[in-house]
Amino acid sequence: MRSLFLIQLFACSAEHTPLRDSQRFWNEAPVEIIRDNHGVPHLYAASDIDLFHAAGYQLGIDRLYQAEMLRRFSQGRLSEVIGEAGIERDQQVRIFDIPRWGQADMEWMEENDPERVDLLKAWVSGINRRVDEVLNKTAPLPFGYGPEGHDFLPTHWDEVDAYTVLKGANFALDKTLEFEIAITLLETLYPETMESIDVFRPGVPTFAMPETERHPADIHGEQPAIPGPKIKAFGDEIFQSLTAFRRPSGSNSWAIAGQHTTTGHAAIAGDPHLGFDFFGSPMPMHLNSLDGGGSYNVAGFAFPGTPGIALGQTNTVAWTATSAFVDVMDV
């Protein structure tokens, strides 16, 4: 699978797009964008700033509408475009005030990691460069914006938008809220029983890891059952708010150490089980500034509306992500 992936990644076509611009976050050295035979863009830059600017620009070419809808979701402004179908999501985002937490993240980053802040600014300026081309009609109106879509124009991104989209995505994918509400209700209804239950321990001793590799303290016993009738709903208002994203879903990731594979190499897999909607269609990209003197050589999948590679690999490490809880049977 690895060799097949590398063949796919680097078997490139002759479509080259040199870029040069004089904006604040764009240096003099050109960036080369090569789209391979599978449609995957490969970006080569001489600096990290140039690389992130080009990544934002390429996002604007390939996925501007998707990023726009994710931004509107995280701002609580979907209904401005899609009407009544977006009201429930907008209400949920505004109840939890996602933009406020995006702003807080940006302020923390500016104080604690200014170098990375510059990369995010460069990325946003790349998106805005493409937005300018669309608004100036030097580039075509992207998919989703025209009369056959929702019939609106793209708008410029602010620096805080990347943080807000990341915070909104985390909120939409995380299951912590539902878990906390369920545990709170159970502790309220059945306080004595819940005192004797370790909610992070499985009810049955089921393991995937060999006994010799499990932690010595990993001893499981039967737990008291929760009495009474099943809780069918948390109340109409709470239930409606929590199920604004109703759909069958799941999530899993797994890794296998080299001593358990026939090749001796570790294996990792990720399957977020995302639906084919705003966040469920990540964008494959390859970002390389390392060859030109920068820091990055990374390939994988970016979630439109967020900078960098969310699921991918470098020359030395691979990673994936899932939105569900840790495997309490083995960890």
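Below is a short write-up of the structure.

Structural notes on the nonpolar core
Okay, so step 1: Counting 43 residues, the largest nonpolar core has L43, W123, I127, W157, M285 and L287 as the members making the most contacts within it.
Okay, so step 2: Breaking this core down by element, the ones donating at least two residues are β2 (31-36), α2 (48-75), α5 (98-112), α6 (114-135), α7 (159-173), β6 (283-288) and β7 (297-302).
Okay, so step 3: Element by element, the count of residues in this core is highest for α2, at 11 residues.
Okay, so step 4: Formed by five residues, the second largest nonpolar core is a distinct cluster that contains L186, Y190, M194 and I197.

A look at the packing of α5 against α7
Okay, so step 1: Between α5 and α7, whose axes approach to 8 Å, the crossing angle comes to 120°. With respect to α7, the axis of α5 lies oblique. When the axes of α5 and α7 are compared, the crossing they make is right-handed. Contact residues: I98, P99, W101, G102, Q103, D105, M106 and M109 in α5; E159, V160, Y163, T164, K167, G168 and F171 in α7.
Okay, so step 2: Its residues placed into classes, the contact of α5 with α7 shows eight nonpolar, four polar and three charged.

Structural notes on the pattern of salt bridges
Okay, so step 1: In total, this model carries nine salt bridges according to the counting rule given.
Okay, so step 2: R71 is the partner of E68 in a salt bridge, and the nearest nitrogen-oxygen pair spans 2.9 Å. In this pair, E68 and R71 are both assigned in helix α2, three residues apart and thus about one turn of the helix distant. Judged on exposure class, the residue E68 and its partner R71 are both buried.
Okay, so step 3: Between D161 and R71 there is a salt bridge, with its nearest N and O atoms 2.9 Å apart. Placement of D161 in helix α7 and of R71 in helix α2 is noted, with a sequence separation of 90 residues between them.

Here's the deal with the packing of aromatic side chains
Okay, so step 1: With the rule as written, the count across this model stands at five aromatic pairs.
Okay, so step 2: Geometrically, the ring pair formed by W123 and W157 is edge-to-face, given 6.0 Å between the ring centres and 90° between the ring planes. Here W123 is found in helix α6, whereas its partner W157 is found in the loop between α6 and α7, with 34 residues between them in sequence.
Okay, so step 3: Residue W123 is classed as buried on the basis of its relative accessible area, which comes to 2%.
Okay, so step 4: Accessibility expressed as a relative area gives 3% for W157, which makes it buried.
Okay, so step 5: Judged by centre distance (4.7 Å) and plane angle (45°), the rings of Y145 and F152 are tilted.
Okay, so step 6: In this structure Y145 comes out as buried when scored by relative accessible area, which is 0%.
Okay, so step 7: Within the aromatic cluster, the residues linked to one another by ring pairs are Y65, F143, Y145 and F152.

Digging into the environment of V298
Okay, so step 1: Following the sequence through the fold, V298 ends up in strand β7.
Okay, so step 2: Considered as a pair, V298 and T316 are 18 residues apart in the sequence and their alpha carbons are 9.9 Å apart.
Okay, so step 3: Not counting chain neighbours up to four residues away, the residues in contact with V298 comprise M285, H286, L287, I309, Q313, T314 and W319.

A short note on the pairing of β2
Okay, so step 1: Judged by how many residues are buried, β2 sits mostly within the fold: five of six residues are covered.
Okay, so step 2: Hairpin connection between β2 and strand β3 (residues 41-44): a loop of four residues separates the two successive antiparallel strands, and G39 in this loop has a positive phi of roughly 85°.

Section: the packing of α2 against helix α4 (residues 87-96)
Okay, so step 1: α4 packs onto α2 with a crossing angle of 55° between their chain directions and a minimal axis gap of 7 Å. The orientation of α2 relative to α4 falls into the category oblique. On the side of α2, the interface is formed by R72, F73, S74 and Q75, while α4 contributes R89, D90, V93 and R94.
Okay, so step 2: For the contact of α2 with α4, a count of residues per class yields two nonpolar, two polar and four charged.

Observations regarding a nonpolar patch on the surface
Okay, so step 1: A contiguous nonpolar surface patch, about 250 Å² in accessible area, is contributed by L135, L141 and L153.
Okay, so step 2: Note that L153 resides in the loop between α6 and α7.
Okay, so step 3: Judged by its relative accessible area of 52%, L153 is exposed.

Rules used throughout
- Residues numbered from 1 in each chain as written.
- Predicted model: local features only at pLDDT ≥ 70, side-chain atom pairs only at ≥ 80, totals over all residues.
- Heavy atoms only, no water.
- Core = buried A, V, L, I, M, F, W, Y, C linked by side-chain atoms within 4.5 Å.
- Buried < 20%, exposed > 50% of the residue type's maximum accessible area, 1.4 Å probe, protein only.
- Helix = DSSP H or I, 4+ residues; strand = E, 2+ residues; numbered from the N terminus.
- Axes fitted to C-alpha atoms, helices over the stretch in contact; angles between N-to-C directions.
- Parallel < 35°, antiparallel > 145°, perpendicular 65-115°, else oblique.
- Left-handed = near helix turned anticlockwise from the far one by under 90°.
- Contact = heavy atoms within 4.5 Å.
- Nonpolar A, V, L, I, M, F, W, Y, C, P; charged D, E, K, R; others polar.
- Salt bridge = Lys/Arg side-chain N within 4 Å of Asp/Glu carboxyl O.
- Phe/Tyr/Trp six-rings, centres within 6.5 Å; stacked < 30°, edge-to-face > 60°.
- Pairing = 2+ DSSP bridges.
- Patch = residues over 30% accessible without salt bridge, like charges linked within 9 Å, V, L, I, M, F, W, Y side chains within 5 Å.
- Areas by Shrake-Rupley, 256 points an atom, 1.4 Å probe, with all protein chains shown as cover.

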